[in-house]
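So you can see what is in the structure, the chains are spelled out below.
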Amino acid sequence: MDDHEDRILADELAALAAAVGAWGGLTRVVAKLMRKNVHEIDLVVALPFEATVERVASVLEQAGRRVGPVPYPGDGQRTIRAVVGGGTGGMNPVVVTARVTYGGASDSEVRLRAAAKEGLIRQRAGERTATRLAALLTT
């Protein structure tokens with residue numbers, strides 16, 4: 001999606017390392033070299049555009065915390081980004097970007113993208129987080 005996603009993930013992992021007494025600077029460097037697990041889901045939400053934006057923002061805020069910067073959307077679009085805990089015990093930060101697009105008078109399209117860094121043990125945190133949040137958005 002953009003370089004901000006990688007930077008946010010590296011910063012979040014560095015903060016976690018520093019919280020447990022490890023050196024955050026080294027963790028940030030290593031995190032930039034790690035592979036990413038990315039999953040995208042396209043949804044159609046049966047709500048008008050503004051109501052869909054509010055719903056997506058609410059779901060993402062309940063799951064984690066909103067962060068920026070977000071890529072500039074075009075006309076008829078809004079982008080919302082949050083960091084959500086994923087993986088085992090919710091300890092792996094996942095950057096979730098939701099782009100809401102005007103679909104019509106009674107529905108909107110949402111592209112949900114979740115990205116997480118993967119270590120030696122694959123947890124598929126991006127994939128699982130995207131699936132979990134998509135289920136919350138469609139219920």
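Nothing here was measured: the structure is a model prediction, and the numbers come from that model. (Residues numbered from 1 in each chain as written. Predicted model: local features only at pLDDT ≥ 70, side-chain atom pairs only at ≥ 80, totals over all residues. Heavy atoms only, no water.)

(A) Representation of the overall build of the protein chain within the structure. When helices and strands are counted, the protein chain shows 4 helices and 5 strands. Here the C-alpha coordinates of the protein chain stretch approximately 50 × 25 × 20 Å along the principal axes. Burial statistics for the protein chain: of 139 residues in total, 40% are counted as buried. Pairs at least 24 apart in sequence give 61% of the contacts found in the protein chain among residues at least 6 apart. Total accessible area on the protein chain stands at roughly 7,500 Å², and carbon and sulfur atoms take up 55% of it. Averaging the locations of the 18 positively and 16 negatively charged side chains of the protein chain gives two centres separated by 7 Å. (Helix = DSSP H or I, 4+ residues; strand = E, 2+ residues; numbered from the N terminus. Buried < 20%, exposed > 50% of the residue type's maximum accessible area, 1.4 Å probe, protein only. Contact = heavy atoms within 4.5 Å. Areas by Shrake-Rupley, 256 points an atom, 1.4 Å probe, with all protein chains shown as cover. Lys, Arg positive; Asp, Glu negative; His and termini not counted. Charge placed at Lys NZ, Arg CZ, Asp CG, Glu CD.)

(B) Main features of the nonpolar core. In terms of nonpolar packing, the biggest core is built from 25 residues, with V56, L60, V96, V110, L112, L133 and L137 touching the most fellow members. Elements with a contribution of two residues or more to this core: β1 (35–45), α3 (49–63), β3 (77–86), β4 (92–102), β5 (108–118) and α4 (125–138). Of all the elements, α3 adds the most residues to this core, at 6 residues. If we ignore the near neighbours within four places in the chain, the residues touching V96 are L60, I80, R81, A82, V84, L112, R113, A114, T129 and L133. Formed by 6 residues, the second largest nonpolar core is a distinct cluster that contains I8, L9, V95 and A115. (Core = buried A, V, L, I, M, F, W, Y, C linked by side-chain atoms within 4.5 Å.)

(C) Expanded view of the pairing of β5. Counting buried positions along β5 yields 9 of 11 residues, so the element is predominantly enclosed. Judged from the 11 bridges that link them, β1 and β5 form a sheet pairing that is antiparallel. Note on β5: the bridge partner recorded for N37 is A116. In this structure, β4 lies alongside β5, joined through 9 bridges in antiparallel fashion. (Pairing = 2+ DSSP bridges.)

(D) Here's a closer look at the pairing of β3. Of all the 10 residues making up β3, 7 are buried; the element is thus mostly covered by neighbouring parts of the structure. In this antiparallel pair of consecutive strands, β3 and β4, the connection spans 5 residues, and G87 shows a positive phi of 70 degrees.

(E) Representation of unusual backbone geometry. Of note, the phi angle at R124 is positive, near 55 degrees, even though the residue is not glycine. Here R124 is to be found in the loop between β5 and α4. Owing to a relative accessible area of 34%, R124 belongs among the partly exposed residues under this scheme.

(F) Region of interest: the environment of T88. Note on placement: T88 falls in the loop between β3 and β4. Distance from T88 to E127, taken between C-alpha atoms, is 13 Å for residues 39 residues apart in sequence.

(G) Here's a closer look at the side chain of R81. The residue R81 is located in strand β3 in this model. On the basis of relative accessibility, which here comes to 1%, the residue R81 falls in the buried class. A polar side-chain atom of R81 sits 3.0 Å from a polar atom in the side chain of T97. (Polar contact = N/O pair within 3.5 Å; in protein donor to acceptor, adjacent residues only side chain to side chain.)

(H) Spatial organisation of the pattern of salt bridges. In this structure the tally under the stated criterion is 12 salt bridges. For D6, the salt bridge identified is with K36, shortest N-O distance 3.0 Å. With D6 in helix α1 (residues 3–19) and K36 in strand β1, the pair connects residues that are 30 residues apart, well separated along the chain. If you follow the salt bridges from partner to partner, you end up with E5, D6, K36, E40, D42, R111, R113 and K117 in one network. (Salt bridge = Lys/Arg side-chain N within 4 Å of Asp/Glu carboxyl O.)

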